[in-house]
Amino acid sequence: MAIAAAKKAGNGKPGAKDDIEEVRQAYYDRIAKRGMRPLWKVMDSIVTKEPVSRCLPAVWHFDEVKSLVMESGSLITAEEAKRRVLILENPALRGESRVTNTLFAGIQMILPGEVAPAHRHAAAAIRFVLDGEGAYTAVEGEKAFMAPGDFVITANWAPHDHGNTSKKPMLWLDVLDVPAVNFFEASFAEDFDAPTQETKRQDGDSLSFYGSGVLPDGTAVTNRTPVINYTYARTRPIVERMMQAGNIDKRHGARVHYANPVTGGSVLPTMGAGLSMLPKGFKGERYRSTDGTIFVCAEGGGSTKVDGTVLEWRPHDVFVVPPWKRYAHSAAKESVLFSISDRPAQEALGLWREGS
Ligand SMILES: [Fe+2]
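Attention here is on the structure that accompanies the text.

About the thresholds
- Residues numbered from 1 in each chain as written.
- Predicted model: local features only at pLDDT ≥ 70, side-chain atom pairs only at ≥ 80, totals over all residues.
- Heavy atoms only, no water.
- Helix = DSSP H or I, 4+ residues; strand = E, 2+ residues; numbered from the N terminus.
- Buried < 20%, exposed > 50% of the residue type's maximum accessible area, 1.4 Å probe, protein only.
- Lys, Arg positive; Asp, Glu negative; His and termini not counted.
- Salt bridge = Lys/Arg side-chain N within 4 Å of Asp/Glu carboxyl O.
- Polar contact = N/O pair within 3.5 Å; in protein donor to acceptor, adjacent residues only side chain to side chain.
- Contact = heavy atoms within 4.5 Å.
- Phe/Tyr/Trp six-rings, centres within 6.5 Å; stacked < 30°, edge-to-face > 60°.
- Lys NZ or Arg CZ within 6 Å of the ring centre and 35° of its normal.
- Core = buried A, V, L, I, M, F, W, Y, C linked by side-chain atoms within 4.5 Å.
- Patch = residues over 30% accessible without salt bridge, like charges linked within 9 Å, V, L, I, M, F, W, Y side chains within 5 Å.
- Areas by Shrake-Rupley, 256 points an atom, 1.4 Å probe, with all protein chains shown as cover.

Tracing the backbone shows Arg83 in the loop between helix 5 (78-81) and strand 2 (85-87). For the buried Arg83, no salt bridge exists, and the shortest N-O distance to an oppositely charged side chain is 6.5 Å, to Asp174. A polar contact of 3.3 Å, which involves the side chain of Arg83, links it to the backbone oxygen of His160. Residues in contact with Arg83, not counting those within four places in the same chain, are Ala78, Gln108, Ala116, Pro117, His119, His160, Asp161 and His162.

Evaluation of the coordinates by the stated rule reveals 15 aromatic pairs. Centroid distance Tyr230 to Tyr258: 5.4 Å. Interplanar angle 75°. Geometry classified as edge-to-face. Of this pair, Tyr230 sits in strand 12 (residues 229-230) while Tyr258 sits in the loop between strand 13 (254-257) and strand 14 (272-278), and the two are 28 residues apart along the sequence. By relative accessible area, which is 9% here, Tyr230 ends up buried. Judged by its relative accessible area of 4%, Tyr258 falls in the buried class. Connected via pairs of aromatic rings, a cluster forms that spans Phe128, Phe151, Tyr230, Tyr258 and Phe338. Directly above the ring of Tyr136 sits Lys143, whose terminal nitrogen or CZ lies 4.4 Å from the centroid. Between Arg343 and the ring centre of Trp352, over which it is positioned, the NZ or CZ distance is 3.7 Å.

A few words on the nonpolar core. The biggest cluster of nonpolar side chains holds 47 residues, and the ones touching the most others in it are Ile107, Ile126, Phe151, Leu173, Val175, Ile294 and Phe338. Considering every element that reaches this core, the biggest residue donor is helix 8 (residues 232-244), with four residues. Residue contacts for Phe338: discarding those within four places in its chain leaves Ile126, Phe128, Phe151, Tyr258, Ala273, Gly274, Leu275, Ile294, Phe295 and Val296. Membership of the second largest hydrophobic core comes to 14 residues, among which are Phe282, Tyr287, Phe319 and Tyr327.

Between side chains of opposite charge, pairing is possible as soon as their charged atoms come close. This structure, assessed with the given rule, holds 17 salt bridges. Between Glu190 and Arg120 there is a salt bridge, with its nearest N and O atoms 2.7 Å apart. In this pair, Glu190 sits in strand 11 (residues 189-191) while Arg120 sits in strand 4 (residues 115-121), placing the two residues 70 residues apart along the sequence. One salt bridge connects Arg201 with Glu142, and the closest N-O pair in it is separated by 3.0 Å. Taken together, the residues span a long stretch of sequence, with Arg201 in the loop between strand 11 and helix 7 (205-210) and Glu142 in strand 7 (residues 142-145) at a distance of 59 residues.

Take unusual backbone geometry next. One non-glycine residue, Glu185, lies in positive phi territory at about 55°. Even without a glycine there, the phi angle at Trp324 is positive, about 60°. Locating Trp324 in the fold gives a position in the loop between strand 19 (318-321) and strand 20 (327-331).

A surface patch of nonpolar side chains, amounting to about 380 Å² of accessible area, comprises Leu39, Met43, Ile46 and Val47. Following the sequence through the fold, Met43 ends up in helix 3 (residues 43-46). Overall, the relative accessible area of 39% leaves Met43 in the partly exposed class.

Here is the structure:
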């Protein structure tokens, strides 16, 4: 009524627009006190025509990361810290413990003789091993010894602990769906009394049982892979063979995605990962997708152009491409890139899109 009155009163006269704005503002102020807000004032910013990411492209160079992580080894033990991890924070999301809006990334180190005690949490985790050899992750009764390039899965609520029985520090990239879990406000976590779990299965059992083209009788169909460790020794020769066979995508190179061998789906419902080989001199076509993606250079060297930003990468460097930003890889040498994103979650929700 007030707006109609203002319109009527101000019809065709100077100052009419101001009158309406004043009346509207008074109305907005009044409804704000009742916990309401006019959609028409915010529509364009909440229902955007295209994805708007808060993230920035960024790279973390391993030589610098390693020396800073090593420094933390003299400051705190793995047991005290529970997990000795340096979080890789997106430069646009400082203080938010995340590398994209939905994913956490960090570099974890475990020194010889250390144990990172057993716990479990609602957030799912993956590790991609960067440096060192012979430390283990025990997950759900299997002790998986890890080597560089191995991709290790810790599904939602799976008990896990880490130990290093080797003589060298081990460093790996941790990626968790923590920000997504916390978005849903669905986080649970618990510690166990004993620092290590009993393991009944040998190293490599789950890969042998489920990742060999056969399945043990009675294998359950679940939305997470039963394989604990997708070893680099098994996966790298596949992308190499694809490359030699000329099976090279113009944007992604010779790429495989890690699959749940029971369903053919992604390894986890919230995160999916892949490994690609780029031939020497590769100049990828530009690509974009709605899943912000974390990459690790496993081998080689090159650069990725994200809009106007060029991210140079060498072995074990980690870099992030925000959602819906155009990017293109170039490889100066034959290179292997690991990648991980929230694509399965977006696909399950019908949101995922790609483009050029
Ligand atoms: Fe954990």
